[in-house]
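Take a look at the letters that make up each chain.
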Amino acid sequence: MSKQIKVALIGNPNTGKTSVFNALTGLNQKVGNYPGITVEKKEGICKLPRGIKAHILDLPGTYSLNATSLDENVVIELLLNKNDKDFPDVAVIVADVENLKRNLLLYTQIKDLEIPTILVVNMADRMERHGISLDIELLEAQLKTKIALVSSRKGTNIEHLKDLILNYKNLSTEPCVNASVIDQEYFDGLKKAFPNQSIYKLWLVITQDVNFVKLDRNLVKDTSSFSTKSRSDLKRMQQKETIVRYQFINNVLKETFKKDINAAKDLRSVLDRILMHKVYGFATFFFILLLIFQAIYSWSEVPTNLIENTFSFLAEWIKETLPSGAFTNLIAEGIIPGIGGIVIFIPQIAFLFLFISILEETGYMSRVVFLMDKIMRRFGLSGKSVVPLISGTACAIPAIMATRNIENWKERLITILVTPFTTCSARLPVYLIIISMVIPQGTILGLSYQALALMSLYILGFIMAVASAYILNKILRTKTRSFFVVEMPNYKIPLFKNIAITVFEKTKSFVLGAGKIILSLSIILWFLATNGPTDKFTNAEKIITEKYKDQNISKEELNKHTGAYQLENSYIGICGKTIEPIIRPLGYDWKIGIAIVSSFAAREVFVGTLATIYSVESDDENTIKNRMKSELMPDGTKVFNLASGISLLLFYAFAMQCMSTLAIVKKETNSWKWPSIQLISMTGFAYVVAFIAFQILK
Amino acid sequence: MKHTISDLKRGEKGIIKDISNPAIPLKLYEMGCLPGNEVELIQFAPFRDPLYLNINGSHLAIRKQTAELIEIEKIENHITL
């Protein structure tokens with residue numbers, strides 16, 4: 001393999017950095033994680049002229065080299081560590097022509113690290129409309145670099161950028177700004193103490209938040225030869241440094257950047273007046289939410305059904321085609337339904353990410369954050385928690401993935417922890433069947449009791465989410481300082497290519513990441529349901545045939561009884577019997593116990609499991625319902641009555657019984673601590689509430 | 001009388017005077033919130049919090065508690081820096 005040029009793509013958020021990345025790499029990209037943290041690592045390969053390739057690393061967006069989040073920390077850690085395998089041969093800074101002044105701050109910092117640096121001035125297609133003109137040659141001379149004036153949206157001048165990357169060795173590594181003027185004496189001392197180190201690099205190591213940077217601080221530990229500064233002194237110096245940099249930038253732009261202020265005002269102020277209005281703004285937001293709900297509930301129904309049918313067909317087909325045996329059963333009853341259980345989420349996840357990425361690309365998301373921040377803050381959440389909480393009513397998995405936009409770790413963690421309380425679509429089939437059994441038909445003020453019961457469960461979910469956020473906010477301690485500075489980007493028409501890539505990557509990351517865990521647990525559950533420790537399991541057929549030999553029943557009927565008997569004596573059946581004493585006070589028998597245990601794979605499994613246990617003929621809901629209705633306890637009372645029904649509803653509303661969610665929480669928080677806490681506290685709470693409800697109502 | 005950004009009315013502008021309060025995040029400086037720069041209040045969210053500002057050409061939202069720390073001098077007419 002020939003040597004690749006290592007390129008780091010750096011820039012402020014909202015500069016079209018991702019579009020530049022997509023334009024350079026096309027689909028030659030992969031998304032992973034940085035080791036040990038959940039920050040996304042995007043890298044790709046770009047083909048340059050003369051058969052040379054460049055490895056492009058798309059670093060998280062940052063406003064400066066003073067890291068305030070884990071994402072930004074990745075940038076500084078990489079740039080300060082020459083031994084990192086990703087340390088760039090050349091840094092490419094992407095700047096938005098309309099915010100050039102602010103974007104250049106980061107540029108001057110990186111330039112001062114003496115890394116060859118190319119400046120990409122993006123969104124060149126908007127210059128004319130905004131009356132902007134640039135003297136590129138002069139700007140190149142003053143910034144001591146080469147500039148590519150591109151439009152990643154239109155794909156113009158990307159070839160020029162590739163040429164610049166190819167010839168990176170010709171770039172000057174001379175710094176632009178001399179940071180040491182802010183305190184000459186202090187920096188002279190530093191220089192004397194570490195004659196071999198770059199001054200600006202030392203300064204960055206000294207000023208970075210200890211919480212974040214894992215750099216070798218021993219480098220500056222020995223303070224005998226230079227005077228140290230207090231934190232507040234350092235911050236004052238950083239402030240001074242920022243002023244010095246802006247002075248330099250202002251001088252540069254005075255000669256090279258012209259903006260005709262009389263140019264027509266853009267759409268921005270008009271749209272802002274509507275979308276951020278205290279009435280119209282909320283109305284628009286509400287309408288968009290309805291649209292998203294509609295898409296997730298109904299548009300995804302067709303592909304979801306298609307997937308479901310395909311997988312059940314596939315399982316049938318394999319059972320019939322392959323020679324029967326344990327191996328075929330494993331494939332047909334364990335692996336295929338397991339994979340199906342993952343693939344079934346794809347339509348909903350894809351739709352959700354489609355909407356979220358459109359909202360983000362257009363710049364609308366920042367407006368929602370602005371509108372909702374104050375309200376959400378009362379509960380320890382952020383304006384940015386709105387999207388995950390709404391998404392959670394479809395499925396907690398994509399919702400938890402959507403929390404990545406929340407920079408503040410505490411607010412993000414709380415959002416992740418409370419999102420599973422919102423009523424996800426998997427709870428719906430369980431709710432529907434139980435409500436129809438235990439809640440009487442009839443109406444009050446024209447509303448049916450059953451519909452009201454369903455609505456109450458949704459509201460209950462939201463209340464629990466918000467209430468637990470409030471409690472967590474009081475309990476949790478974090479070391480990171482909280483602040484809220486949100487850029488309001490320009491409105492843009494979303495680029496199809498960017499959205500397609502985002503939806504594809506996020507969906508893929510779900511299928512491969514959480515999928516592995518879902519699949520393996522599905523196989524375990526299958527094994528437990530199809531194997532048993534005793535003779536009773538292995539000889540089920542004989543025992544049942546013996547039992548019913550005097551009765552004249554069909555072969556089909558016999559098979560059903562055999563299946564039920566086998567399940568009762570399988571590992572999972574024994575499991576249900578074992579936990580019966582625990583769930584008895586909630587009003588459940590061992591069969592419901594099995595359904596609860598297997599619901600851990602996915603809540604909607606509840607109905608299917610009961611169907612198998614009660615050995616009914618089809619999955620048709622009415623049949624199951626009738627069978628469930630007539631199910632009796634050993635003492636002759638009905639299993640499903642108002643008390644046990646309500647208790648069961650409340651248990652499903654609060655309990656954490658979705659391993660997919662736990663898997664994604666583990667992935668997003670990078671520790672088993674938080675999913676364990678969720679599992680124990682939510683399920684514990686569900687138990688207590690269900691217990692109280694049953695004991696009061698029975 | 002001292003004014004801060006949170007004293008601005010919608011559409012009003014000011015010149016940033018003092019940002020020495022240590023609780024002001026560094027990020028705000030980097031976004032151009034520095035003495036001498038112009039700040040315009042574009043919009044409030046409900047309950048007058050957060051505030052939507054144009055600082056030195058950057059459009060950003062900050063919470064009221066931060067805005068109260070940034071001292072400004074109100075101006076009536078547009079001044080180009």
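Rules of the game
- Counting restarts for each chain: residues are numbered from 1 in the order of the written sequence.
- Here the convention is simple: chains get letters from A, ligands get numbers from 1, in the order in which they are written.
- Given that the model is predicted, a residue must reach a pLDDT of at least 70 before its local features are reported, and side-chain atom pairs must reach 80 or more before they are shown or counted; all residues, however, enter totals for whole chains, interfaces and linings.
- Just so you know, side-chain values use all the structure's heavy atoms and leave hydrogens and water out.
- A helix here means a DSSP run of H or I that spans at least four residues, while a strand means a run of E at least two residues long, and both kinds are numbered starting from the N terminus.
- Partly exposed describes any residue whose relative accessible area lies between the buried limit of under 20% and the exposed limit of over 50%, with all areas from a 1.4 Å probe on protein chains only and scaled to the type maximum.
- Only heavy atoms enter the contact rule, under which two residues are in contact if any of them lie within 4.5 Å.
- Only the protein chains shown count as covering a residue, and every accessible area follows the Shrake-Rupley method with a 1.4 Å probe.
- In this tally Asp and Glu are treated as negative and Lys and Arg as positive; neither His nor the chain ends contributes.
- Charge positions are represented by NZ for Lys, CZ for Arg, CG for Asp and CD for Glu.
- UniProt positions are given in the numbering used here, feature names are shortened, and annotations may be inferred rather than shown by experiment.
- Domain ranges listed in this record stem from an automatic or a database domain assignment.
- Defined here as a combined quantity, buried area equals the accessible surface (1.4 Å probe) lost by two parts on assembly, summed across both.
- We count a salt bridge whenever a side-chain nitrogen from Lys or Arg sits within 4 Å of a carboxyl oxygen from Asp or Glu.
- Between N or O atoms, a polar contact is any pair within 3.5 Å; within protein, one atom must be a potential hydrogen donor and the other a potential acceptor, and residues adjacent in sequence are included only when both atoms are from side chains.
- Buried Ala, Val, Leu, Ile, Met, Phe, Trp, Tyr and Cys residues that are joined via side-chain atoms within 4.5 Å together make up what is termed a nonpolar core.
- Between N-to-C directions, angles cover 0 to 180 degrees, with each direction set by a line fitted to C-alpha atoms, over the stretch in contact for helices.
- By definition in this entry, angles of less than 35 degrees are roughly parallel, angles greater than 145 are roughly antiparallel, angles of 65 to 115 are roughly perpendicular, and the rest are oblique.
- Definitions for this section: a left-handed crossing has its near helix turned counterclockwise from the far helix by less than a right angle. A right-handed crossing has that turn clockwise.
- Classification convention: Asp, Glu, Lys, Arg as charged; Ala, Val, Leu, Ile, Met, Phe, Trp, Tyr, Cys, Pro as nonpolar; all other residues, Gly among them, as polar.
- DSSP calls a pair of strands paired once it identifies at least 2 bridges connecting them.
- Throughout, the protein atoms alone are placed on a 1 Å grid, and a set of points is a cavity if a 1.4 Å probe fits but cannot get out or a pocket if it is open with protein on both sides within 12 Å along at least five of seven lines; lining residues have an atom within 4 Å of a point.
- Grid points are joined across faces, edges and corners, and a volume is the space filled by probe spheres set on the points.

## Here's the deal with the overall build of chain A
Next up, step 1: If you tally the helices and strands in chain A, you get 30 helices and twelve strands.
Next up, step 2: Once the C-alpha set of chain A is aligned to its principal axes, its extents read approximately 100 × 60 × 55 Å.
Next up, step 3: Buried positions account for 53% of the 698 residues belonging to chain A.
Next up, step 4: Here the analysis covers contacts within chain A between residues at least 6 apart in sequence; of these, 73% occur between residues at least 24 apart.
Next up, step 5: Surface summary for chain A: the accessible area is close to 32,000 Å², and the carbon and sulfur share equals 60%.
Next up, step 6: Between the mean site of the 78 positive side-chain charges and the mean site of the 62 negative ones, chain A shows a separation of 5 Å.

## Describing the UniProt feature "binding site: Mg(2+) 1" (unreviewed entry) in chain A
Residue and element names in this part refer to chain A.
Next up, step 1: The sites that UniProt annotates as "binding site: Mg(2+) 1" (unreviewed entry) are Asn 22.
Next up, step 2: Locating Asn 22 in the fold gives a position in helix α1 (residues 17–25).
Next up, step 3: For Asn 22, the contacting residues outside a window of four places in its chain are Gln 29, Lys 497, Asn 498 and Ile 501.

## Looking at the domain arrangement of chain A
Next up, step 1: We note that the domain assignment places domain 1 (1–264), domain 2 (280–496) and domain 3 (527–637) within chain A.
Next up, step 2: For domain 1 of chain A versus domain 2 of chain A, the distance between C-alpha centres works out to 37 Å.

## Describing the interface of chain A and chain B
Next up, step 1: On the side of chain B, 33 residues touch chain A, which itself brings 38 residues to the contact.
Next up, step 2: Together chain A and chain B conceal approximately 3,100 Å² of surface at their shared face, both sides included; 61% is due to carbon and sulfur atoms.
Next up, step 3: Among the residues of chain A in contact with chain B, A:Lys235, A:Phe370 and A:Val485 are the three that bury the most area, contributing 20% of the side total.
Next up, step 4: Counting across the interface, chain A meets chain B through five salt bridges.
Next up, step 5: The tally of links between chain A and chain B comes to 17 residue pairs in polar contact (both at pLDDT 80 or more).
Next up, step 6: Of all the secondary-structure elements, those providing two or more residues to the side of chain A that touches chain B are α3 (100–111), α8 (231–256), α9 (267–275), α14 (364–377) and β12 (485–487) of chain A.

## Quick look at the pattern of salt bridges
Next up, step 1: Counted under the stated rule, the structure contains 24 salt bridges over all chains.
Next up, step 2: With a closest N to O distance of 3.6 Å, A:Arg236 and A:Asp233 form a salt bridge. Taken together, the residues A:Arg236 and A:Asp233, both in helix α8 and three residues apart, mark about one turn of the helix.
Next up, step 3: Its salt-bridge partner being A:Glu568, residue A:Lys577 comes within 3.6 Å of it at the nearest N-O pair.
Next up, step 4: For A:Lys577, a relative accessible area of 37% translates into the label partly exposed.
Next up, step 5: Residue classification places A:Glu568 among the partly exposed residues on the basis of a relative accessible area of 27%.
Next up, step 6: One network of salt bridges, in which partners are shared, links A:Asp373, A:Lys374, A:Arg377, A:Glu411, B:Asp49 and B:Arg63.

## Digging into the nonpolar core
Next up, step 1: Counting 95 residues, the largest nonpolar core has A:Tyr588, A:Phe606, A:Leu648 and A:Phe651 as the members making the most contacts within it.
Next up, step 2: Two domains share this core, each providing at least three of its residues, namely domain 2 (280–496) and domain 3 (527–637) of chain A.
Next up, step 3: Filtering out sequence-adjacent residues up to four positions away, A:Phe606 remains in contact with A:Val430, A:Ile434, A:Ile592, A:Ala595, A:Ser599, A:Leu648 and A:Tyr652.
Next up, step 4: Core analysis: the second largest hydrophobic core is formed by 82 residues, A:Ile110, A:Leu139, A:Trp203 and B:Leu34 among them.

## Comments concerning the packing of helix α4 (residues 136–143) of chain A against α8(A)
Residues and elements named next belong to chain A.
Next up, step 1: Interaxial distance between α4 and α8 falls to 9 Å at its minimum, and their mutual angle equals 155°. When the interaxial angle is binned, α4 and α8 end up roughly antiparallel. Our pair here, α4 against α8, has a crossing hand that is right-handed. Only Phe 248, Val 252, Leu 253, Glu 255 and Thr 256 of α8 make contact with α4, whose side of the interface consists of Leu 138, Leu 139, Gln 142 and Leu 143.
Next up, step 2: Here the contact of α4 with α8 is composed, by residue class, of six nonpolar, two polar and one charged.

## A short note on the sheet that holds strand β2 (residues 13–18) of chain B
Next up, step 1: Here we have seven strands laid out as an open sheet, ordered β12(A)-β5(B)-β4(B)-β3(B)-β2(B)-β6(B)-β1(B), and antiparallel in their pairing. Strand pairing shows two members of the sheet lacking a second neighbour, β12 of chain A together with β1 (3–4) of chain B, which therefore form its edges.
Next up, step 2: Bridging between β2(B) and strand β6 (residues 71–75) of chain B involves five bridges; their strand directions are antiparallel. The partner of B:Ile16 across the bridge, within β6(B), is B:Ile72.

## What about empty space enclosed by the protein?
Residue and element names in this part refer to chain A.
Next up, step 1: Evaluation of the coordinates by the stated rule reveals three cavities of 30 Å³ or more.
Next up, step 2: Roughly 100 Å³ of volume is contained in the largest cavity.
Next up, step 3: Contributing to the lining of the largest cavity are 13 residues, with Leu 289, Ile 292, Leu 359, Val 387 and Ile 390 lying nearest its centre.
Next up, step 4: For the lining of the largest cavity, the secondary-structure elements that each account for two or more residues are α10 (280–299), α13 (346–362), α14 and α15 (386–391).
Next up, step 5: Residue classes in the lining of the largest cavity are distributed as twelve nonpolar, one polar and no charged.

## Let's talk about α1(A)
All names here are of chain A.
Next up, step 1: When you tally the buried positions in α1, you get seven out of nine residues, the bulk of the element.
Next up, step 2: Those residues of α1 lying buried are Lys 17, Ser 19, Val 20, Phe 21, Asn 22, Leu 24 and Thr 25.
Next up, step 3: Following α1 by one or two positions, Gly 26 adopts a phi angle in the positive range, close to 60°.

## Things to note about the side chain of A:Thr207
Residues and elements named next belong to chain A.
Next up, step 1: Structurally, Thr 207 is set in helix α7 (residues 199–207).
Next up, step 2: By relative accessible area, Thr 207 is classed as buried at 4%.
Next up, step 3: Polar contacts involving the side chain of Thr 207 include one to the main-chain carbonyl oxygen of Trp 203, which spans 2.9 Å.
Next up, step 4: In contact with Thr 207, not counting residues within four places along its chain, are Arg 231, Leu 234 and Gln 238.

## Focus on the UniProt feature "binding site: Mg(2+) 2" (unreviewed entry) in chain A
All names here are of chain A.
Next up, step 1: The residues that UniProt annotates with the feature "binding site: Mg(2+) 2" (unreviewed entry) are Ala 23, Thr 25 and Gly 26.
Next up, step 2: Relative to the assigned elements, Ala 23 resides in helix α1.
Next up, step 3: Look past the residues within four positions of Ala 23 in its chain and what remains in contact with it is Ile 158 and Lys 497.
Next up, step 4: By secondary structure assignment, the location of Gly 26 is in the loop between α1 and β2 (29–33).
Next up, step 5: When residues no more than four places from it in sequence are discounted, the contact partners of Gly 26 are Phe 21, Lys 497 and Ile 501.

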